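# Structural characterization, general
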Amino acid sequence: MGQCCFRRTTSPKLHGKYTVKKSLYENADTQTHVVAVVDDAGKPCAIKIAPFDKAIQEYSFAKMLVHPCIARPREMFVRESTCLGDKRRLVGYIVQDLLAEDLLSFLNRRGKLPTHHVRVIASRIVSALQYMHTRKVVHRDVKLDNVMLAVPGDCASAKLIDFGLAEDVGAMQRGLRGTLTYMAPEMLAKWDTGVHIGPAVDMWALGILVYALALGTLPYVVHQRNGLSIIATFDFVKDSGWWTCDMHLKDFILRLLARDPKNRMSAAEASSHPFLQGPIEQ
Ligand SMILES: Nc1ncnc2c1ncn2[C@@H]1O[C@H](COP(=O)(O)OP(=O)(O)O)[C@@H](O)[C@H]1O
Ligand SMILES: [Mg+2]
């Protein structure tokens, strides 16, 4: 991919009304940029710029999901541009509210979170997933980088973002889509032959995310050799941090990290788990 066009453009106004302020994120592999902009009314927004096919898929899922814990796009526009490479082609621009910080940066900055903060974030993601799963949509990429705080430092403002891999329940998945460390065992086992996607994959990923929030580290590492064999033991670390965790929190994580998806807690079951019934202020 060429250099980010927003640093060299002579006319930084996008769609005639968005003034580009700075680049927030760039991924050369997926040809995706996120830039901070200000609209003509002075409202700060973020625009995600991606190849048209990817952007339209993401926008159509995100647009139909109306929930306080899901970031909702404001609009999408399309341009023919060389912005994501050297050839002119269709590029999609998804406009969203500007959010403050993703959970990966938050965790790196703050270290592991106190139990009541983990509870607030977990209950918001569970609520978002319960809503999506009822509508037969699977996110497929639940992870720290895809949950953002709308208000700096306020866990009660957490929202699920990035519907780039969202799919209908039951769709067939072939190949590795998503992030290995968060990928459910049933997906890792059959990624080369193909597998029907179920909502349980999001619940596994939530288990990894909650573990990371509570213990400040990912539970285990997944290795990929020769682009083919995947080594995942699922023997997640149970060190002193684990043993001193709140007992309901440990049970919550263990029920999400059930290897057999049939035994894994659904979003509806998670919403009434004792961990989420505990105090949210301390
Ligand atoms: N609305 C937003 N406000 C501020 N930053 C954002 C916003 N959306 C995304 N980002 C930042 O950009 C990163 C990548 O966005 P994401 O939609 O997850 O793209 P990708 O599909 O490449 O993973 C996020 O992890 C976050 O740090
Ligand atoms: Mg993402």
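Quantities reported herein were computed from a predicted structural model and do not represent experimental measurements.

The rules behind the values
Throughout, a residue's number is its position along its own chain's written sequence, starting from 1. Here the convention is simple: chains get letters from A, ligands get numbers from 1, in the order in which they are written. Residue-level local features of this predicted model are given only where pLDDT is at least 70; pairs of side-chain atoms are given and counted only at 80 or more, and the full residue set underlies all totals for whole chains, interfaces and linings. When DSSP finds two or more bridges between a pair of strands, those strands are recorded as paired. Numbering of helices and strands runs from the N terminus; a helix is a DSSP stretch of H or I covering at least four residues, while a strand is a stretch of E covering at least two. Using a C-beta atom placed from the backbone for every residue, we mark a residue as near a molecule or strand if that atom lies within 6 Å of it. Throughout, the edges of the domains are those of an automatic or database domain assignment. Here, residues touch in the contact sense if the C-beta positions derived from the backbone fall within 7 Å of one another. Classes in brief: Ala, Val, Leu, Ile, Met, Phe, Trp, Tyr, Cys and Pro nonpolar; Asp, Glu, Lys and Arg charged; the others, Gly included, polar. Exposed residues have 12 or fewer other C-beta atoms within 10 Å of their own C-beta, buried residues have 20 or more, and residues in between are partly exposed; the C-beta atoms are placed from the backbone.

### Concerning the pairing of strand β2 (residues 18-27)
- Pairing of strand β1 (residues 13-14) with β2, which is carried by two bridges, proceeds in the antiparallel orientation. Residue pairing in the sheet places K13 in a bridge with T19 of β2.
- Connecting β1 to the next strand, β2, in antiparallel fashion are three residues, including H15 with a positive phi near 55°.
- Inspection of the sheet shows β2 paired to strand β3 (residues 32-38) by seven bridges, in the antiparallel sense. If you follow V20 over to β3, its bridge partner there is V37.
- What sits between the antiparallel neighbours β2 and β3 is a turn of four residues, in which Q31 has the positive phi angle 50°.

### Quick word on the sheet that holds strand β10 (residues 158-160)
- The strand order β7-β9-β10 describes an open sheet built from three strands, whose pairing is antiparallel. What marks the edges here is a single partner per strand, and that holds for β7 (101-102) and β10.
- The pairing of β7 with strand β9 (residues 147-149) spans two bridges and is antiparallel. Note that in β9 the partner of D102 across the bridge is M148.

### Here's the deal with the site of ligand 1
- Residues in close proximity to ligand 1 total 18 residues, the closest being Y25, V34, A46, L99 and D162.
- Here the shell around ligand 1 spans two domains, since at least three of its residues come from each of domain 1 (5-97) and domain 2 (101-277).

### Let's talk about the domain arrangement of the chain
- Each domain of the chain was delimited in the assignment, giving domain 1 (5-97) and domain 2 (101-277).
- Spacing between the C-alpha centres of domain 1 and domain 2 amounts to 26 Å.
- Taken together, the nine residues of domain 1 in the interface contact 15 residues of domain 2.
- Classifying every residue of the side of domain 1 that touches domain 2 by side-chain character gives six nonpolar, one polar and two charged.

### Describing unusual backbone geometry
- Notably, H15 is not glycine yet its phi reads approximately 55°, a positive angle.
- Mapping H15 onto the fold places it in the loop between β1 and β2.
- Look at H15 and you get partly exposed, because 15 C-beta atoms sit within 10 Å.
- Even without being glycine, R140 reaches a positive phi, approximately 75°.
- Mapped onto the secondary structure, R140 falls in the loop between β8 (137-138) and β9.

### Details of the environment of L188
- Relative to the elements of secondary structure, L188 occurs in helix α4 (residues 185-190).
- Accessibility expressed as a C-beta count within 10 Å gives 17 for L188, which makes it partly exposed.
- Once the C-alpha coordinates of L188 and A270 are considered, the two residues, 82 residues apart in sequence, prove to be 23 Å apart.

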